[in-house]
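Chain residues, written in single-letter form:
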Amino acid sequence: MIPGKHAEKVPTPLTHMKCLKCGTINSRPFKEGDYVFKEVEEKCPKCGHNRMRIIGIYVKEEKEKKSKLF
Ligand SMILES: [Zn+2]
């Protein structure tokens, strides 16, 4: 028996940000309006500074391995 799976999978992009003060890199789920090199008001988990710069946006892909051949 094969358990039913939801075919709809929405990839969740992750926005990586670097603290402008101490350089700590943090990530959070992508928000609309995010783009690379944008300065955002996010609190640094390390020093508490509230300005971070987006250094990259990555899509986390959850690929399922398929053993099916043509
Ligand atoms: Zn910091």
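Residues numbered from 1 in each chain as written. Predicted model: local features only at pLDDT ≥ 70, side-chain atom pairs only at ≥ 80, totals over all residues.

**Describing the overall build of the chain**
Looking only at helices and strands, one finds zero helices and four strands in the chain. When burial is assessed residue by residue, the chain has 7% of its 70 residues classed as buried. (Helix = DSSP H or I, 4+ residues; strand = E, 2+ residues; numbered from the N terminus. Buried ≥ 20, exposed ≤ 12 C-beta atoms within 10 Å, placed from the backbone.)

**A look at unusual backbone geometry**
Across residues other than glycine, the phi torsion is negative in most instances, and most of the peptide bonds are trans. The phi torsion at F37 lies on the positive side, around 80°, for a residue other than glycine. Its place among the elements puts F37 in the loop between strand 2 (25–29) and strand 3 (39–40).

**Thoughts on the sheet that holds strand 3**
Sheet architecture is open: four strands sit in the order 2-1-4-3, paired in antiparallel fashion. What marks the edges here is a single partner per strand, and that holds for strand 2 and strand 3. By the bridge criterion, eight bridges tie strand 1 (residues 12–19) to strand 4 (residues 52–60) in an arrangement that is antiparallel. If you follow H16 over to strand 4, its bridge partner there is G56. (Pairing = 2+ DSSP bridges.)

**Overview of the environment of K43**
With respect to the helices and strands, K43 occurs in the loop between strand 3 and strand 4. For K43, a count of 13 C-beta atoms within 10 Å corresponds to the partly exposed category. Contacts of K43, omitting those with residues within four sequence positions, involve G48 and N50. (Contact = placed C-beta atoms within 7 Å.)

**Describing the pairing of strand 4**
Pairing geometry for strand 3 and strand 4, over two bridges, is antiparallel. In the strand pairing of strand 4, E39 is matched with R53.

**Focus on the environment of P13**
Note that P13 resides in strand 1. Each C-alpha atom of the pair P13 and I57 lies 6.5 Å from the other, and the pair is 44 residues apart in sequence. When residues no more than four places from it in sequence are discounted, the contact partners of P13 are F30, I57, Y58 and V59.

**Side note on the environment of G56**
By secondary structure assignment, the location of G56 is in strand 4. Here G56 falls in the partly exposed class, since 13 other C-beta atoms lie within 10 Å of it. When the C-alpha atoms of G56 and L14 are compared, they prove to be 8.3 Å apart, with 42 residues separating the residues in sequence.

Spatial relationships are all this shows, so hold off on functional conclusions.
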